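# Close look at the chain arrangement
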Amino acid sequence: MTDATQTPTSEIPSPAASGPQQVIIAGGCFWCTEAVMQMVRGVTKIESGYIGGDTPHPDYRSVCSGTTGHAEAVRVTFDPQVVSYKDLLGLFFATHDPTSLNRQGADAGTQYRSAVFPQTPEQERETREVIADLDAQDVFGKPIVTSIEPATEFHVAEDYHQNYYADNSRQPYCVAVIAPKVAKLRKHYAEKLNA
């Protein structure tokens, strides 16, 4: 028999609720999304990889072909005491084009779609709220087409894709595509970034 003054076990927050959390987001090329998220205060780990497809063991070449159904994505581990899930989403939306269906710049195909893969029902609810709010404010001048998809298995990408921008900042793609995103983040969101 339960004492009426006790909190039912199902309502007691789990210790994990205050610990590290993860979000999986896809905003076109994973090198860009990784470079942006690495700068955010409270982010403790980032892994580039593939999610959302139906090929058992995707690799970069197969995902780039557009035939596996996977998106290039990043799995971000963060401390919610330092940066909230909604703040991470805000930075994600501010640093890619969420109104472009299956395309980011010259990168075209479903593998470059804008997508969020919520890890919990709360993340899904907050994702829908952020998108609705941005659309209501007409922030982008066009409707957001970012999909909200089930968090299926995340496949970590090959080693050379990890920490890509930091290791290859002089590479032409990095200079032309990633550096402007990083500069925009530094200019407009400096208070949310690592020193």
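Residues numbered from 1 in each chain as written. Predicted model: local features only at pLDDT ≥ 70, side-chain atom pairs only at ≥ 80, totals over all residues. Heavy atoms only, no water.

### A few points about the environment of S114
You can see S114 is positioned in strand 6 (residues 114-117). Classification of S114 as buried rests on a relative accessible area of 4%. Look past the residues within four positions of S114 in its chain and what remains in contact with it is A26, F92, H96, P98, V145, T146 and S147. For S114, the side chain forms a polar contact with the side chain of H96, separated by 2.7 Å. (Helix = DSSP H or I, 4+ residues; strand = E, 2+ residues; numbered from the N terminus. Buried < 20%, exposed > 50% of the residue type's maximum accessible area, 1.4 Å probe, protein only. Contact = heavy atoms within 4.5 Å. Polar contact = N/O pair within 3.5 Å; in protein donor to acceptor, adjacent residues only side chain to side chain.)

### Quick notes on the pattern of salt bridges
Throughout the structure, instances matching the rule amount to 9 salt bridges. Ionic pairing is found between E47 and K45, a salt bridge with its closest N-O pair at 3.9 Å. For E47, a relative accessible area of 13% puts it in the buried group. Residue E149 pairs with R113 through a salt bridge whose shortest N-O separation is 2.8 Å. Residue E149 is located in the loop between strand 7 (147-148) and strand 8 (155-156), and its partner R113 is located in the loop between strand 5 (107-108) and strand 6; the two are separated by 36 residues in the primary sequence. (Salt bridge = Lys/Arg side-chain N within 4 Å of Asp/Glu carboxyl O.)

In short, the description is geometric, and any link to function would need to be established separately.
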